[in-house]
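# Examination of the molecular architecture
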Amino acid sequence: MASTLQVNFAGVSMPNPFMLSSAPPTTNVEMVARCFEAGWGGAVLKTLAYTLSQAQNVNPRITAVRSADDQIIGFTNFELGSPKHIEKWAQDTRWLKERFPEHGVWVSLLHTEGLVESQWREVTRMFDQAGADGFELNFSCSHGMAESGGGATVGGNEEAIKMVTTWVREETRKPVMPKLPAIVQDIPGKARAAQSAGANAIASINTLNSLPGVDIHTFVPYPSVDGGSAFQGLSGAAVKPVALRTVAQIAGAVDIPVSGIGGIYNWRDAVEFILCGASSLQVCSAVMHHGYRIINDLTAGLLNYMEEMGFATISDFCGKALPNIHRHNDLSRAYKLYSSPDPDKCVGCGRCAAVCADSAYSAIHLDEDRRAIVDKEKCDGCGLCRGICPAHAISMQRK
């Protein structure tokens, strides 16, 4: 049987599992239409603002976060909900579904000042009638919404999660998908609370509350908005390890599907999220970095992987990593390793010897040809040298 990327996520059929997350890449209907034409399976529209006074953005509001060698590893932003009227978004939702019936159109609810039950119910009814395929509940915005009592403030409170999910659940028969934040106590418990209130799926994660840096001459954090700044949401490759953790925790805690978000840049990232339990994949920062065109590499790479591994559908390998994730106390202490440099690959940079001396067990030295030599008896098998070797010349062997 030939492999297929077709998915049915929480009852929503899509040509592939890749969706644009609710973020700058889904700012308006024209952009979403272009993403569908480019080949994306679905999209979550920019979070709706009940009144436009709640979505007044500042300039600038997006900062590229760079590594020590000047590579972009993510973005921070303090953008708010959509500055478009909800009535206009309802018209646009109907337009999108008429022209792209095979793609998933999800609505992100809701940027409000506090939690007003009538507003959540009203907007749910409005977009149910407009033909939206499903509702993502923004319980995870880490900056502006959280400051006003929404976003991550809701996602950190199980009673609030159940309350708001119930409001939406009672107004629609379409799928309801709370989006949970990463930095909360007991995220499995938060996911179970959402499921108990009628959620059909869980999305995770959103951005992490952060500060990208400070101008050391003006003393103002980046980006400067007329001489001041604020805490912002961090996204991109930098948050991927956190996102994989939350997806795995949620997938192991509930029996509803999970939409994985956070640092998906290539098909390998996508495979890892699926292995950890995600059956749809939301992308933002990679599009902000490279544009919609990356969908071609994402779908081609994922399909090639599936065919190579003999997987016919996404569900065939969804969650396959979960049985291999254990409590730390249950990991073997009898499994002993040592590092083993390959002299043919070693470039003689000396990094392994330096870090082993200063951060590990002083088990590595360089010979007369500047090749790394390991003292097996001293080596404690921590793996630091393997991780920092620029030539990938070090493997770990059993003692």
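Residues numbered from 1 in each chain as written. Predicted model: local features only at pLDDT ≥ 70, side-chain atom pairs only at ≥ 80, totals over all residues. Heavy atoms only, no water.

Assigned secondary structure in the chain consists of 13 helices and 18 strands. For 399 residues, the compact-globule estimate of 2.2 N^0.38 gives 21 Å, and the chain sits close to it at 23 Å. Expressed along its principal axes, the backbone C-alpha trace of the chain runs to roughly 75 × 60 × 40 Å. Looking at the 399 residues of the chain, the share that counts as buried comes to 52%. Residue pairs at least 24 apart in sequence account for 70% of intrachain contacts in the chain once pairs closer than 6 positions are excluded. Element-wise, carbon and sulfur atoms account for 50% of the exposed surface of the chain, whose accessible area totals about 18200 Å². (Helix = DSSP H or I, 4+ residues; strand = E, 2+ residues; numbered from the N terminus. Rg over C-alpha atoms; globule rule 2.2 N^0.38 Å. Buried < 20%, exposed > 50% of the residue type's maximum accessible area, 1.4 Å probe, protein only. Contact = heavy atoms within 4.5 Å. Areas by Shrake-Rupley, 256 points an atom, 1.4 Å probe, with all protein chains shown as cover.)

Across all of its chains, the model carries 7 aromatic pairs by this definition. Each residue in the set Trp 267, Tyr 305, Phe 311 and Phe 317 is aromatic and connected to the rest through ring pairs, giving one cluster. (Phe/Tyr/Trp six-rings, centres within 6.5 Å; stacked < 30°, edge-to-face > 60°.)

What follows is about the nonpolar core. Trp 40, Leu 109 and Phe 127 are the most contacted members of the largest nonpolar core, which totals 94 residues. Once residues within four sequence positions are removed from consideration, Phe 127 is found in contact with Leu 48, Ile 86, Trp 89, Ala 90, Thr 93, Val 107, Ala 132 and Phe 135. Cys 352, Ala 363, Val 374 and Ile 394 belong to the second-largest nonpolar core, a separate cluster that totals 14 residues. (Core = buried A, V, L, I, M, F, W, Y, C linked by side-chain atoms within 4.5 Å.)

A volume near 180 Å³ is recorded for the largest pocket. Lining the largest pocket we find 13 residues, and of these Val 58, Phe 78, Leu 80, Ala 230 and Phe 231 sit closest to its centre. Partitioned by chemical class, the residues of the lining of the largest pocket number 6 nonpolar, 6 polar and 1 charged. Considering only enclosed or pocket space, the second largest pocket measures out at about 160 Å³ in volume. Around the second largest pocket sit Ser 332, Tyr 335, Lys 336, Leu 337, Cys 379, Asp 380, Gly 381 and Lys 399, which together line it. Residue composition of the lining of the second largest pocket, grouped by class: 3 nonpolar, 2 polar and 3 charged. (1 Å grid on protein atoms, 1.4 Å probe; cavity = no way out; pocket = protein on both sides within 12 Å on 5 of 7 lines; lining within 4 Å. Points joined across faces, edges and corners; volume = space filled by probe spheres on them. Nonpolar A, V, L, I, M, F, W, Y, C, P; charged D, E, K, R; others polar.)

Turning to the environment of Lys 378, a few remarks are in order. Here Lys 378 is to be found in the loop between strand S17 (372-374) and helix H13 (384-388). Lys 378 sits in the partly exposed class, given a relative accessible area of 47%. Separated by 16 residues in sequence, Lys 378 and Ser 362 place their C-alpha atoms 7.2 Å apart. Residues within four places of Lys 378 in sequence aside, it is in contact with Tyr 361, Ser 362 and Ala 363.

Attention shifts here to the pairing of strand S15 (residues 337-341). Along S15, 4 of the 5 residues are buried, which leaves the element largely enclosed by surrounding structure. Two elements, S15 and strand S18 (residues 394-398), share 5 bridges in a ladder whose sense is antiparallel. Each bridged residue has a counterpart across the sheet, and for Leu 337 the counterpart in S18 is Arg 398. (Pairing = 2+ DSSP bridges.)

Strand order in this open sheet of 4 strands is S5-S6-S12-S11, and the pairing throughout is antiparallel. Looking at which strands have only one partner, the edges of the open sheet turn out to be strand S5 (62-66) and strand S11 (208-210). Averaged over all pairs of adjacent strands, the angle between strand axes in this sheet comes to 35°, irrespective of strand direction. As defined by bridge partners, S5 adjoins strand S6 (residues 72-77) across 5 bridges and the pair is classed as antiparallel. Residue pairing in the sheet places Ile 62 in a bridge with Asn 77 of S6. (Axes fitted to C-alpha atoms, helices over the stretch in contact; angles between N-to-C directions.)

Right, let's talk about the pattern of salt bridges for a bit. All told, the structure shown has 16 salt bridges when counted by the stated rule. One salt bridge connects Asp 92 with Lys 88, and the closest N-O pair in it is separated by 2.8 Å. With Asp 92 and Lys 88 both in helix H2 (residues 86-99) and 4 residues apart, this pair spans about one turn of that helix. Taking the relative accessible area as the measure of exposure, Lys 88 reaches 33% and is therefore partly exposed. Close ionic contact of Arg 121 with Glu 171 constitutes a salt bridge, the shortest N to O distance being 2.7 Å. Taken together, the residues Arg 121 in helix H3 (residues 117-129) and Glu 171 in the loop between helix H6 (158-169) and strand S9 (176-179) connect sequence positions 50 residues apart. Several salt bridges share partner residues, and in doing so they unite Glu 117, Arg 121, Arg 125, Glu 170 and Glu 171 into one network. (Salt bridge = Lys/Arg side-chain N within 4 Å of Asp/Glu carboxyl O.)

Counted according to the given criterion, the structure contains 3 cavities of 30 Å³ or more. Its volume calculated, the largest cavity comes out at about 410 Å³. The wall of the largest cavity is formed by 33 residues, among which Ser 22, Ala 23, Asn 77, Asn 206 and Thr 207 lie closest to the centre. Elements represented by at least two residues in the lining of the largest cavity include exactly strand S12 (232-235), strand S14 (278-283) and helix H10 (285-290). Its residues placed into classes, the lining of the largest cavity shows 15 nonpolar, 15 polar and 3 charged.

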